[in-house]
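An overview of the molecular structure
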Amino acid sequence: MRSRWRGWRLAARLGWVPLASGLAACGRLPQSTFDPAGPVAASQLRLLNLSMWIMIAVFAIVAAILTYVVVRFRERPGQQGLPPQVEGNHRLEVLWTAGPILVLALLAVPTVRDVFALARTPEGGDALRVRVVGHQWWWEFQYPDLGIVTANELVIPAGRKVSLTLTSADVIHSFWVPRLAGKMDLVPGRENSMWIQADEPGTYSGQCAEFCGTSHANMRFLVVARPAAEFDAWVKGQQNPVVEPQTDLARRGQEIFGQKCVACHAIRGTPFTKGAVGPNLTGVGSRQTIAAGMLPNTDENLRRWLDNPSAVKPNAKMPDYNLNEQEIDALIAYLRGLK
Ligand code: CUA
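First, a word on scope: everything that follows refers to the structure included in this document. These figures come from a predicted structure and were not determined experimentally. (Residues numbered from 1 in each chain as written. Predicted model: local features only at pLDDT ≥ 70, side-chain atom pairs only at ≥ 80, totals over all residues. Heavy atoms only, no water.)

**Comments concerning the layout of surface pockets**
If you add up the space inside the largest pocket, you get close to 700 Å³. Breaking the lining of the largest pocket down by element, the ones donating at least two residues are helix H6 (248–261), strand E11 (289–290), helix H7 (299–307) and helix H9 (325–336). Broken down by class, the residue content of the lining of the largest pocket amounts to 23 nonpolar, eight polar and six charged. What the second largest pocket holds in volume is close to 440 Å³. Contributing elements (two or more residues each) for the lining of the second largest pocket: helix H3 (39–72) and helix H4 (90–119). Of all the elements, H4 adds the most residues to the lining of the second largest pocket, at seven residues. Classifying every residue of the lining of the second largest pocket by side-chain character gives 10 nonpolar, one polar and no charged. (1 Å grid on protein atoms, 1.4 Å probe; cavity = no way out; pocket = protein on both sides within 12 Å on 5 of 7 lines; lining within 4 Å. Points joined across faces, edges and corners; volume = space filled by probe spheres on them. Helix = DSSP H or I, 4+ residues; strand = E, 2+ residues; numbered from the N terminus. Nonpolar A, V, L, I, M, F, W, Y, C, P; charged D, E, K, R; others polar.)

Spelled out as structure tokens, the structure:
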């Protein structure tokens, strides 16, 4: 693993992309454009490879001609005056005009074709619609046809197209899941659209790709692709979540939640439905991570987060409520029980 990584970095430094791409594929970097997991990323990689090989060919041809000319027409002993000049040579002019036109045409045809193909929102009733809203520094995922809202984990059915509309609640962010698709900006007051598809079930990591403030680098998320039946079960679970606290400690946590957290966070199926400033916490106990993909969802990490959010995520919008140990224990018991 270590040497692979070193090899990858060396390859990247040399700009030797084909080698880097080969190593990336076997090293399974979690966010590699060279390891596509769906049709959008695959078609974008085809374009990338095409333009890369064209550039390599152009470089090789130019370098070869340059080397030849430098050697063949170098100054020789006894040479007098200027060598014969080729200014205005028609054959050369035509050649170096036609060459670039041909190269650009080779690039333009597939580029334009793919740009239009990818810009087309999937038609038909089969595509799942999701609205993505960027926030400093977390992600909101709304499923308008299913009536559910979640955060930081975009759960999708594997093998099915997902049509995304993207916008922002504050500043410009950028939605980027390298193994599924290229970047798309989230702009306040505007709706952009794109589509993704994960061919196989799996977890694909993504992150914000547009500088959006102090914790830009901590604005991460997961796309979790599940087999159709599992996805349907997940939807049912989100629509009818487990919300009743099972222990006294969790019940105490629910009370504290109602006093401190309710203004910003909502939980479906509870009286806490108004908060929309922070992530919707329906089923938060079954998410893989907390704090927008920063930490695995464990008691210990939740403790760190509740104790002082900004110590985990610099400038986090969630205030430090100076909760004491007992209050934190109770909140952990409550939140971890929400499935
Ligand atoms: Cu959001 Cu960078």
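**Concerning the pattern of salt bridges**
Enumeration according to the criterion identifies 11 salt bridges in this entry. We note a salt bridge from Arg179 to Asp35, for which the minimum N-O separation is 3.5 Å. Placement of Arg179 in the loop between strand E6 (173–177) and strand E7 (181–186) and of Asp35 in the loop between helix H2 (17–27) and H3 is noted, with a sequence separation of 144 residues between them. Between Asp299 and Arg336 there is a salt bridge, and its shortest N-O distance comes to 2.6 Å. Here Arg336 lies in helix H9 and Asp299 lies in helix H7, a separation of 37 residues in the sequence. On the accessibility criterion, Arg336 (26% relative accessible area) is partly exposed. (Salt bridge = Lys/Arg side-chain N within 4 Å of Asp/Glu carboxyl O. Buried < 20%, exposed > 50% of the residue type's maximum accessible area, 1.4 Å probe, protein only.)

**A closer look at H7**
Buried within H7 are the following residues: Asn301, Leu302, Trp305 and Leu306. Each buried residue of H7 sits inside an arc of 130 degrees when the element is viewed along its axis, so together they form one side. Contacts from the buried residues of H7 go to E11, strand E12 (295–296), helix H8 (309–312) and H9. (Arc of directions from axis to C-beta. Contact = heavy atoms within 4.5 Å.)

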